[in-house]
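Reading the structure
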Number of protein chains: 2
Amino acid sequence: MKLSQLGELALLEHLKKSFEKKSKKILVGIGDDSAVLKPIQKNLLVTTDMMVEGIHFDQRFITPYQLGFKLISINVSDIYAMGGNPLYVLLNIAASKNVDTDVIEQFLDGVEDALHRYNTILIGGDLSAIHDGMVLGATILGYTDRHISRSGASVGDKLYVTGCLGDSACGLELLKRVKKPVPLETISKEQRAKSRELRNKRRVSISSVRRMLLQMGLSWDIVEPLLRRHLMPEARNPKKIRVATSMIDVSDGLLIDLSRICDESRVGALIYREKIPVSPELKQVASCLGLSPLKLVFSGGEDYELLFTAPPQKRVRAIHIGEIVKRGRFIIDRSGGKKTFSPKGYQHFS
Amino acid sequence: MKLSQLGELALLEHLKKSFEKKSKKILVGIGDDSAVLKPIQKNLLVTTDMMVEGIHFDQRFITPYQLGFKLISINVSDIYAMGGNPLYVLLNIAASKNVDTDVIEQFLDGVEDALHRYNTILIGGDLSAIHDGMVLGATILGYTDRHISRSGASVGDKLYVTGCLGDSACGLELLKRVKKPVPLETISKEQRAKSRELRNKRRVSISSVRRMLLQMGLSWDIVEPLLRRHLMPEARNPKKIRVATSMIDVSDGLLIDLSRICDESRVGALIYREKIPVSPELKQVASCLGLSPLKLVFSGGEDYELLFTAPPQKRVRAIHIGEIVKRGRFIIDRSGGKKTFSPKGYQHFS
């Protein structure tokens, strides 16, 4: 069935039924002119991010489920990057009336699973027709007692990252070669490897992709984490890093996002090249595809790891990759060689 | 200059500079991962609405300034329709890299004037490239002590509307014939007819449209309010109608929006056809263009007048057009004849 046969009102009814969640804090949820929420005695965080077809995603490489999951993850990541707790979500969907309702259904499944993972509730949004290409958006409200902005880094602070960088960009390069969607969702949905049966199903559903990868000399175990990092990224919860003085999520690339911290905090930074966490999977796939691992790591983007600074005396549960200095932006190699860097990474309209 | 020459970072810088507004309530504004706001001891209202090129607007008929103004108005209207006060705005812009920066500049002028009119502050948003057609969106946060939902109408309540209906749809019909943008913004920007000089300018800028209208037998004074209602609608502040039991803004059409109140309140309604306010301008233009005034009034949409119910004993400063009854949905004509109505109005995907 096409969206044109279903109609806006029926889709809205479906959304109300599927996502209606009772909570004493929600006075009015989906379906009125606006949502109404009881006041919370904490600072309110608000963020919004779009995903535009042909720019942020290509439906030949990503399933509707993954799109829904990723849309929520990237928005939650912005709340986490401020040290906040996400709570409420508004969803914007602009889709052609010729889109199959199954696509919307699967997209909403991905949204629902992500909402559940991040303990958030859908409270509203907007639906619209569009002539070509889907445009998706989410707005997330969160709360915090103490926010962590980009502007709090001080000279002497150490620089940390919560996990490996470059995996997502490497996953995208793989997808560009595989040229088809890779179903990962059954795994996440049922919680990975819960039963042998599920593993068998998984083998079946990805068998053609696996064959293609084998021809490229790559095994599924190596590529799966990279594809997953790109197709279904998980936002990093900052609850164990309360000591951060400044923070950002790595969405556009390490160098551009670190530059944002430097700009806003009016400081310089140096990164120890050897300390940046790089996954063995990235190393192997980059070598196989003839890609520069360093380029992926420095300007790949979309990893959604948290990049933050903390005072040197504090114990921090993350990977130490550099220091905040008075001025200049440098990458230090193993032998101590210094190279300046500029904010390379993803920029719209360019 | 094209957006591709300016780039995302420069546009973001421009936004930060133009819209940065200091307020003790805003801890972090435009440019971080999310905005941060101090808590307010009132219920929080959140709404989001998109405007998609080719669906909600046609750049052949509307100027970028008007687009910006309208985007804010339609979102503010949703906050007003809940009995709330709008306060903070997030802006989403997806535009082609080939769009002229002047278009964006004028769009932002319209946004700025509307923000000012409604006493609201831009605190964030998202920018993205898109291959074809602009997609615009806004999210507005507002506050209220007592919200007015669609579900509070009771049998015996009277039905009211804040102003004339159908003008916007009639304005759109005019634009489809004029087939060019009509500059109205200088009037609003400088506050209409403030000086003779301005009026002279206005005459010049709309002279070609005026000639075209004269050929159709229509004078500028007659068409201007209709065009304005469509191109630069103003949201209706509900502060003088605190007694409302249920409320909605007429965005998709009287019959569809009244049906929403009936559905949510589980009641019926009757409308006195003769009591619905219809402007003399609409009557004259509809007659000249051979359009049915009743069709424009009942299912035109985009007027952004408030439609609400209130207890019969309360004094209300609005136009009484009907009653809430137990069941059924009827239009009553002058002679008392009863006709049932169905929710006719704009629906996406159909």
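Data block above holds the structure.
The residue numbering used here restarts from 1 in each chain and proceeds along that chain's sequence as written. Here every chain gets a letter starting at A, and every ligand a number starting at 1, in the order they are written. This being a predicted model, a pLDDT of at least 70 is required before a residue's local features are given, and a value of 80 or more before pairs of side-chain atoms are given or counted; all residues contribute to the totals for chains, interfaces and linings. Hydrogens and water are ignored here; the side-chain numbers use all heavy atoms of the structure.

The subject of this paragraph is the relation of the copies chain A and chain B. Taken as rigid bodies, chain A and chain B are interconverted by a rotation of 180 degrees and an axial shift of 0.0 Å, the fit giving an RMSD of 0.0 Å. These values place the two chain copies in the arrangement generated by a two-fold rotation axis. Residue contacts are defined here by distance: any two heavy atoms, one from each residue, within 4.5 Å place the two residues in contact. A shared interface surface links the copies, since 100% of the contact residues of chain A are contact residues in chain B too. We superpose the copies by least squares over the C-alpha atoms of residues that have a pLDDT of at least 70 in both of them.

For the rest of this paragraph, the subject is the packing of aromatic side chains. Residue and element names in this part refer to chain A. Centre distance within 6.5 Å is the pairing criterion for rings of Phe, Tyr and Trp, where only the six-membered ring of Trp is used; planes under 30 degrees apart are then read as stacked, over 60 as edge-to-face, and the remainder as tilted. Enumeration according to the criterion identifies four aromatic pairs over all chains in this entry. Considering the side-chain rings of Tyr 160 and Phe 308, the 5.3 Å spacing of their centres and the 20 degrees angle between planes classify their relative orientation as stacked. In this pair, Tyr 160 sits in strand β7 (residues 158-161) while Phe 308 sits in strand β10 (residues 306-310), placing the two residues 148 residues apart along the sequence. Each member of the pair, Tyr 160 together with Phe 308, is buried. A positively charged side chain is recorded as over a ring if its NZ (Lys) or CZ (Arg) lies within 6 Å of the ring centre. The angle to the ring normal must also be within 35 degrees. The ring centre of Phe 330 lies 4.5 Å from the NZ or CZ of Lys 338, which sits over that ring. Strands are runs of DSSP state E lasting at least 2 residues, helices are runs of H or I lasting at least 4, and numbering of each runs from the N terminus. Under the scheme applied here, a residue whose accessible area is under 20% of the maximum for its type counts as buried, over 50% as exposed, and between as partly exposed, the area being computed with a 1.4 Å probe on protein chains only.

This paragraph deals with the interface of chain A and chain B. The interface is formed by 70 residues belonging to chain A together with 70 residues belonging to chain B. A 1.4 Å probe defines the accessible area here, and the buried area is the portion of it lost by two parts on being joined, summed over both. Between chain A and chain B, roughly 5,700 Å² of surface is buried when both sides are summed, and carbon and sulfur atoms account for 58% of that area. Counting the surface chain A buries against chain B, the share from its top three residues, Asp 33, Met 50 and Phe 349 of chain A, is 16%. Any Lys or Arg side-chain nitrogen located within 4 Å of an Asp or Glu carboxyl oxygen qualifies as a salt bridge. Counting the contacts that link chain A with chain B gives six salt bridges. Linking Arg 150 of chain B and Asp 33 of chain A is a salt bridge whose minimum nitrogen-to-oxygen distance equals 2.9 Å.

Okay, helix α4 (residues 101-117) of chain A next. All names here are of chain A. For α4, which comprises 17 residues, the first-to-last C-alpha distance of 24 Å matches the rise-based estimate of 24 Å (1.5 Å per residue) to within 8%. Among the residues of α4, those classed as buried are Thr 101, Ile 104, Phe 107, Leu 108, Gly 110, Val 111, Ala 114 and Leu 115. On its buried face, α4 is in contact with α1 (3-6), α2 (8-19), α3 (64-80), β4 (85-95), β5 (121-129) and β6 (135-144). Residue Asn 119 follows α4 closely and has a positive phi angle near 55 degrees. How far a helix is expected to stretch is found by multiplying one less than its residue total by 1.5 Å.

Purely geometric stuff here, so don't read any function into it on its own.
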